Amino acid sequence: MSESTTTCKWISDKIVLIAALAAISLSIFQIWQGITADLAATIFRPIHLSWVLILVFFTLPLIKSQRSTGLYLIGRVIDFIFIAAIAWASYHIVAFDYDDISFLLDGLTTLDQISGLIILVLLLEATRRTVGLVMVFIAALFLVYAIFGNYLPGSVASKGFAIEEIIRFHIYSTNGVYGAPLAIAAGVVFIFVLFGAFLQVTGAGKFFIDASFSIAGKYRGGPAKASVIASAALGSISGSAIANTVTTGALTIPMMKKLGYKPEQAAGIEAAASTGGQIMPPVMGAGAFVMAQFTGIPYSEILLVSIAPAILYFACTLLYVHLMACKLGLQGMEITEKISVVLKNGWHFLVPLILITSLLLMSYSPILVGISGCVAILVAAMCRKHSRITVGVFFEGMKEGALLALPISVACGTAGIVVGVVGQTGIGLQFTQFLMALSGGYLWSVLGLIAIAAVILGMGLPVTAAYIVLSIMAVPSLTELGVGLLAAHMIVFWLSQTSNVTPPIALAAFAAAGIANTSPMRSAVQAFKLAQGFFIIPIMMAFSGLIWMDGQNVDFVIAIVLTIGLIVAFAGTIEGRLATKLPLLARGLLLIAGFTMLVPYLYINIAGIAIIVMVCLINYRLSRTEDETVIASI
């Protein structure tokens, strides 16, 4: 090893140590603020974002390669200049006197403008490093529109704001960068990400995976079904599709391949199941907390109405997994550990999950619930000898939690720019009018356009950011067509998840493909098929009473039955079998019956359900006849 390489490694090791200490300190600061709430929003949010940006520049260097010592050191010097600039600008913003209203009359001072500009520019650079160029481009496009919108045609024109007005609105208020998206990321989302990190370091994640194999492993296609159950359990509290894919996929994908699933099928199953974790209560990812903030609806209510759609999604995925196993002639695992043994060793890890679910349903503060969950998982781990953790492991969890939260906070800060421009210019109303004109005022066409927009946005935006952008632009169109506010947000929230499993850029599927050692695109196609619930269920949310409301129990039950019918009809049509192979006529009948689930006439719905039940019964009888014939021939 050359002297220059040794120097680079020494510098890199020291920076890693400093970053680890900064990450742990951030977690401590977040917990303290969550408990005490001592700092006002105008102080807390700038401190949080500055801490996050500094960590980004520590952990993601401008020049990663250490082959050229000179270039690496130059890159590191630039990173440290950025860090110093962030610290100076953030201090100036935190010290800003909001009580002195002269800045509203006379405008910001030069130093104020420089500080705000530094944060805007370096936030976009941090976004480039953590999220990608697409989100930087979208945010920059909105900023350009805010500045030069007065040069556009009248139908899309805006006033055209000066740089000082842009900085004042986006930095020196809680409307832009430091607005609602960052408030959620800096508060409840950070705490639940920390909770997810503690789940991993304490071994709770492994317990959920082992329990899933004990429950489903012995059935046909067992490892795949266990993957779906484990992803639902882990995803319900981690809320990260890609992290969920990597965590459970490392164990489930090799076992699926060994059982007989094709590599791309194994990757697709894991990606579809892990993505579903983001819509599974009680946590449901960052987007659900943003929804509560945007709608003003208590998170406990959002949690309750999400249970049935989430169960239907995983039922849909399990059905496809079962049909794939039947087509391949796969059986279950020969040896699985008894569920009683798994529960005996890890039952204490269920306590934190029950605790946070109960507290959320009782409408306690989500931040305090998250902190309670962190304490509960640590106490639970320490109560059993085999799951006790050391101080080092504890601090590892604190560090990992902070590092996992970096891209979320950065993305939400940048999404705040988009939200701010929409509020400052009024482009949201113009977009709603455009969407209504393009769709002809038909709900089904609006849903189609939103789904296309969700997939396109998802190619470059994290799910939470895609939801934020789509919700402020598309929800008004849905509500104008008679969809309820919560249902409209749930539709957009679900459709925003599709980017993880939809080609050509399906991040969860690509992560699973890396584990399965197969083609990312073939894996994405399989994931897209298995995750059809992300399209079917939002449609039913729009056209039926699938979002439960008080006094609508009958409509809710009917909606569940129709959704199950639609899922079974489409699955049988696509896979070409249920209990046994379906003839072409039966597949055609199922397809027609499936579409009748969307017709707003109960008699037609009943006729469609009758056709689906009839096809299923005949198919089941044929399968029994085939089995009897095989037995007789033996």
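Cut-offs applied
- Residues numbered from 1 in each chain as written.
- Predicted model: local features only at pLDDT ≥ 70, side-chain atom pairs only at ≥ 80, totals over all residues.
- Heavy atoms only, no water.
- Helix = DSSP H or I, 4+ residues; strand = E, 2+ residues; numbered from the N terminus.
- Buried < 20%, exposed > 50% of the residue type's maximum accessible area, 1.4 Å probe, protein only.
- Contact = heavy atoms within 4.5 Å.
- Areas by Shrake-Rupley, 256 points an atom, 1.4 Å probe, with all protein chains shown as cover.
- Lys, Arg positive; Asp, Glu negative; His and termini not counted.
- Charge placed at Lys NZ, Arg CZ, Asp CG, Glu CD.
- pLDDT = per-residue confidence, 0-100.
- Axes fitted to C-alpha atoms, helices over the stretch in contact; angles between N-to-C directions.
- Parallel < 35°, antiparallel > 145°, perpendicular 65-115°, else oblique.
- Left-handed = near helix turned anticlockwise from the far one by under 90°.
- Nonpolar A, V, L, I, M, F, W, Y, C, P; charged D, E, K, R; others polar.
- Salt bridge = Lys/Arg side-chain N within 4 Å of Asp/Glu carboxyl O.
- Polar contact = N/O pair within 3.5 Å; in protein donor to acceptor, adjacent residues only side chain to side chain.
- Phe/Tyr/Trp six-rings, centres within 6.5 Å; stacked < 30°, edge-to-face > 60°.
- Patch = residues over 30% accessible without salt bridge, like charges linked within 9 Å, V, L, I, M, F, W, Y side chains within 5 Å.
- Expected span 1.5 Å × (residues − 1).

1. A few points about the overall build of the chain
Piece 1. A tally of regular secondary structure across the chain gives 28 helices and zero strands.
Piece 2. In terms of its C-alpha atoms, the chain occupies a principal-axis envelope of roughly 90 × 65 × 50 Å.
Piece 3. Going through the 634 residues of the chain one by one, you find that 54% of them count as buried.
Piece 4. For the chain, the share of sequence-separated contacts (at least 6 apart) that also reach a separation of at least 24 residues comes to 76%.
Piece 5. For the chain, the exposed surface amounts to about 26,500 Å²; the carbon and sulfur share of it is 69%.
Piece 6. The chain carries 31 positive and 27 negative side-chain charges, and their two centres are separated by 16 Å.

2. Looking at the confidence of the model for the chain
Piece 1. In the predicted model, the chain carries a mean pLDDT of 87, and the fraction of residues at 70 or more is 96%.
Piece 2. Here helix α4 (residues 102-106) stands out as the least confident element of the chain, with mean pLDDT 71; helix α2 (residues 41-59) is the most confident, with 95.

3. Describing the packing of helix α23 (residues 507-516) against helix α24 (residues 520-530)
Piece 1. It is at 8 Å that the axes of α23 and α24 come closest, and there the two elements cross at 125°. The angle between the axes of α23 and α24 places the two elements in the oblique class. In the packing of α23 onto α24, the handedness of the crossing is right-handed. Here Ala509, Phe510 and Ala513 of α23 lie close against α24, whose contacting residues are Pro520, Met521, Ser523, Ala524 and Ala527.
Piece 2. Here the contact of α23 with α24 is built from residues that sort into seven nonpolar, one polar and no charged.

4. Points about the side chain of Glu270
Piece 1. For Glu270, the position within the fold is in helix α12 (residues 263-276).
Piece 2. One buried charge, Glu270, has no salt-bridge partner; the nearest side chain with opposite charge is Lys257, at 13 Å.
Piece 3. Among the polar contacts made by the side chain of Glu270, one reaches the side chain of Ser231 at a distance of 3.0 Å.
Piece 4. Separated by 2.5 Å, the side chains of Glu270 and Ser274 make a polar contact.

5. A closer look at the packing of aromatic side chains
Piece 1. Evaluation of the coordinates by the stated rule reveals 23 aromatic pairs.
Piece 2. Each ring, one from Tyr313 and one from Phe314, has its centre 5.3 Å from the other, and the planes form 85°; the classification is edge-to-face. Residues Tyr313 and Phe314 agree in their burial class; the two are buried.
Piece 3. Aromatic side chains Phe570 and Phe595 sit 5.7 Å apart centroid to centroid with 65° between the ring planes, which places their arrangement in the edge-to-face category. Taken together, the positions of Phe570 in helix α26 (residues 553-575) and Phe595 in helix α27 (residues 584-596) put the pair 25 residues apart, joining distant regions of the chain.
Piece 4. For Phe570, a relative accessible area of 18% gives the class buried.
Piece 5. Look at Phe595 and you get partly exposed, because its relative accessible area is 47%.
Piece 6. Put simply, the rings of Phe29, Trp32, Phe44 and Trp51 touch in pairs and so form one group of aromatic residues.

6. Remarks on a negative patch on the surface
Piece 1. Taken together, the side chains of Asp97, Asp99, Asp100 and Asp106 make up a negatively charged region of the molecular surface.
Piece 2. Here Asp99 is to be found in the loop between α3 (69-94) and α4.

7. Section: helix α22 (residues 485-496)
Piece 1. Under the 1.5 Å per step criterion, the end-to-end length of α22 is 17 Å for 12 residues, consistent within 8% with the ideal 16 Å.
Piece 2. In terms of burial, α22 is a largely internal element, 11 of the 12 residues being buried.
Piece 3. Those residues of α22 not exposed but buried are Leu486, Ala487, Ala488, His489, Met490, Ile491, Val492, Phe493, Trp494, Leu495 and Ser496.
Piece 4. Tucked into the core, α22 has its buried residues touching α13 (285-295), α14 (299-328), α20 (443-458), α21 (463-480) and α25 (533-543).

8. Observations regarding the pattern of salt bridges
Pairs may arise between side chains of opposite charge once their charged atoms sit close together.
Piece 1. Counted according to the given criterion, the structure contains 11 salt bridges.
Piece 2. Between Asp79 and Arg129 there is a salt bridge; the shortest N-O distance is 3.0 Å. Here Arg129 lies in helix α5 (residues 110-130) and Asp79 lies in helix α3, a separation of 50 residues in the sequence.
Piece 3. Glu165 serves as the salt-bridge partner of Lys159, at 3.5 Å between the closest nitrogen and oxygen.
Piece 4. Bridged by salt links that share partners, the residues Arg76, Asp79, Glu125, Arg128 and Arg129 form one connected network.

9. Regarding the side chain of Ser477
Piece 1. On the secondary structure map, Ser477 appears in helix α21.
Piece 2. Ignoring anything within four residues of it in the chain, the contact list for Ser477 reads Thr432, Leu435, Met436 and Val446.

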